[in-house]
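Analysis of the macromolecular model
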Amino acid sequence: MTPGVVIAGAGQAGFQAAMSLRTGGYEGTVTLIGEEPYLPYQRPPLSKGYMAGKQDIEATALRPEAYYKSHLIDLIVGETIVGIDGAGRSVQLASGSGIPFETLVLATGARNRMLPVPGAELDGVHYLRTRDEAVKIKGRLEAASNIVVIGGGFIGLELAAAARASGSRSVTVFEAQPRLMPRVVAPVISEFYRQVHTEQGVAIVLGAMVTGIRGDGTVRDVLLADGTVYPADLVLVGIGVIPNQELGERLGIAGANGFVVNEYLQTEDERIYAIGDCAEHPNRFASGRFAANLSPGDRVRIESVQNAVDQARCVAAAIVGKPAPYDAVPWFWTDQFDLKLQMAGLSGGCDEAVVRGDIESHKFSVFYFKESHLGAVDSVNRPADHMVARKLLAGGTRLTPDQAADLNLNLKELGL
Ligand code: FAD
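With that settled, the discussion passes to the sheet that holds strand E13 (residues 218-224). Here we have three strands laid out as an open sheet, ordered E12-E13-E14, and antiparallel in their pairing. Edge positions in the sheet fall to strand E12 (210-216) and strand E14 (229-231), since each of these pairs with one other strand and no more. Put simply, the sheet's adjacent strands are angled 30° from each other on average, direction ignored. Direction of pairing for E13 relative to E14: antiparallel, over a ladder of three bridges.

Another aspect to go through is the pairing of strand E1 (residues 4-8). Among the five residues of E1, five are classified as buried, and the element is accordingly described as predominantly covered. Where E1 lies against strand E6 (residues 98-106), five bridges are found, and the strand directions are parallel. Residue pairing for E6: Ala8 is matched across the bridge by Leu106. By the bridge criterion, four bridges tie E1 to strand E2 (residues 30-34) in an arrangement that is parallel.

Further remarks concern the domain arrangement of the protein chain. When the domains of the protein chain are assigned, the result is domain 1 (4-110 + 242-319), domain 2 (114-239) and domain 3 (338-415). Taking only C-alpha atoms into account, the centre of domain 2 sits 30 Å from that of domain 3. On the domain 3 side, the residues contacting the ten residues of domain 2 number 14 residues. With both sides pooled, the region where domain 2 packs onto domain 3 buries about 970 Å², and carbon together with sulfur makes up 80% of that total. Ranking the residues of domain 2 by area buried against domain 3 places Ile189, Phe192 and Tyr193 at the top, with a combined share of 49%. Across the contact surface, domain 2 and domain 3 share zero salt bridges. Taken together, domain 2 and domain 3 are joined by two residue pairs in polar contact (both at pLDDT 80 or more). With five residues, the single largest contributor to the side of domain 2 that touches domain 3 is helix H6 (residues 187-199). Residues belonging to the side of domain 2 that touches domain 3 are distributed by class as follows: ten nonpolar, no polar and no charged.

Turning to the packing of aromatic side chains, a few remarks are in order. Working definition: an aromatic ring pair is given by the centre-to-centre distance plus the angle between the planes. According to the stated counting rule, one finds eight aromatic pairs in the structure shown. Aromatic side chains Phe15 and Tyr67 sit 6.2 Å apart centroid to centroid with 50° between the ring planes, which places their arrangement in the tilted category. Of this pair, Phe15 sits in helix H1 (residues 12-23) while Tyr67 sits in helix H3 (residues 65-70), placing them 52 residues apart in sequence. A relative accessible area of 10% places Tyr67 in the buried class.

Now for helix H5 (residues 154-165). Taking 1.5 Å per residue, twelve residues should reach 16 Å; H5 reaches 16 Å between its end C-alpha atoms and fits that length. With nine of twelve residues buried, H5 is to be regarded as a mostly interior element. Of the residues making up H5, those classed as buried are Phe154, Gly156, Leu157, Glu158, Leu159, Ala160, Ala161, Ala162 and Ala163.

Inspection of the region around the ligand gives 33 residues, with Ala13, Glu36, Lys48, Arg129 and Asp277 positioned closest. The separation between an oxygen atom of the ligand and a polar side-chain atom of Asp277 is 2.8 Å. Taking 990 Å² as the accessible area of the ligand by itself, protein coverage stands at 95%. Put simply, the parts of the chain that give the shell around the ligand at least two residues each are H1, E2, helix H2 (44-47), helix H7 (305-319) and strand E22 (331-336). For the shell around the ligand, the residue count by class is 14 nonpolar, eleven polar and eight charged.

For the rest of this paragraph, the subject is the sheet that holds strand E10 (residues 170-175). Strand order in the open sheet formed by five strands is E8-E15-E9-E10-E11, and the pairing between neighbours is parallel. Each edge of the sheet is formed by a strand with only one pairing partner; in this case those strands are strand E8 (125-127) and strand E11 (202-206). The sheet shows a mean angle of 20° between the axes of neighbouring strands, taken without regard to direction. Strand direction decides the pairing type here: strand E9 (residues 146-150) and E10, joined by five bridges, are parallel. Within E10, the residue paired with Val148 across the bridge is Thr172. Sheet strands in contact with H5 are E9, E10, E11 and strand E15 (234-237), and its direction is about 170° off that of E10.

Definitions and limits used
- Residues numbered from 1 in each chain as written.
- Predicted model: local features only at pLDDT ≥ 70, side-chain atom pairs only at ≥ 80, totals over all residues.
- Heavy atoms only, no water.
- Pairing = 2+ DSSP bridges.
- Helix = DSSP H or I, 4+ residues; strand = E, 2+ residues; numbered from the N terminus.
- Axes fitted to C-alpha atoms, helices over the stretch in contact; angles between N-to-C directions.
- Buried < 20%, exposed > 50% of the residue type's maximum accessible area, 1.4 Å probe, protein only.
- Domains from an automatic or database assignment.
- Contact = heavy atoms within 4.5 Å.
- Buried area = accessible area lost by both parts, 1.4 Å probe.
- Salt bridge = Lys/Arg side-chain N within 4 Å of Asp/Glu carboxyl O.
- Polar contact = N/O pair within 3.5 Å; in protein donor to acceptor, adjacent residues only side chain to side chain.
- Nonpolar A, V, L, I, M, F, W, Y, C, P; charged D, E, K, R; others polar.
- Phe/Tyr/Trp six-rings, centres within 6.5 Å; stacked < 30°, edge-to-face > 60°.
- Expected span 1.5 Å × (residues − 1).
- Near = heavy atom within 4 Å.
- Areas by Shrake-Rupley, 256 points an atom, 1.4 Å probe, with all protein chains shown as cover.

Structure representation (structure tokens):
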């Protein structure tokens, strides 16, 4: 086989890299290898439409099988890559064979962070990352009457919303921090989501540290640090993920938080790229500095469809001879009940948050600034703000906090 591009991981990023190579005119072999035994699929519906009973699991597939054949993409699923021979330019599969590459794209994603408490291994404790896990959770939702969700981040809250929306069962969310989605949104949004979930019948318990799960083979209750015991027959854990980067350890390209890549998404070995959830990359939005010359601290690993797709496109372009530094505006969304929260930029490094719109009407945005420079915008049911925000952030258009709050100012007129 002539060595071409091997893509390790057939998730959102790996699929997009294969597709963009073909649409970009790449004529060599493209081999897309994934350990899950399914056609590449989208994860967002797993906690939303599928979990709420509105979408079939098969509908999560990114493309039908025929697509890969017609685009000459060698798709190998149900196969794990267990090693990379950097000098010999090949990957080793668990089944024993090796596949040579000229260029390797690492798109291995991330896996669930496990809850480190006694009882976490009991039957009835579930995590959600994969299609298999989603099907298992869905299968148990129907019969569950006391659902405990551990973690008040996106996945936990989406699961709580889907569980409530699809049945009148008790749903309780435990979040260790004093507010919901604490890493990513302003306190005003955390409080708004707490209220909406509460109105919808989800019990939200903040500052709640889970210290154990108990049961006799199957989960029976959840124990908190303050001694409280909550009955539970289904426990859903969403406490974050860790990047799958063990393949890079021997090559020295694995870092503290993902494969370490430069602005072209290349590892130290320039023929090995890393993209998507597994890649820690330089990003001007990372620290709220928005500077052209990034400092070593301006690095981030982003878990989003946008990041996976845009990084895949960036790498495919480089492979077909059109390299450009990765510089896309990060964006993300989450659906809970009738709320669509869309986020543009990264608010982590920002020091001021300004509300635009009316929180009561469930339609508002929060504009984040760092030293008066716009760094991020989170929009709840205001999709037009989100689209404008992406353009403002991409172009570096000046916007003051006063302008952001002024509903008489049409943001679209800011020279976009
Ligand atoms: P993945 O999609 O994780 O794909 C990596 C693949 O590589 C996996 O299939 C893995 O099994 C495989 N793999 C790993 N190691 C190996 C190996 N050694 N050999 C072979 N294969 C390997 N993002 C949004 O922007 N909006 C949302 O609303 C949203 N909702 C989400 C809901 C859920 C339930 C989840 C889990 C994620 C959600 N995300 C959302 C995040 C988004 O899905 C991820 O950021 C995206 O899937 C990342 O794509 P990826 O290709 O980097 O990683």
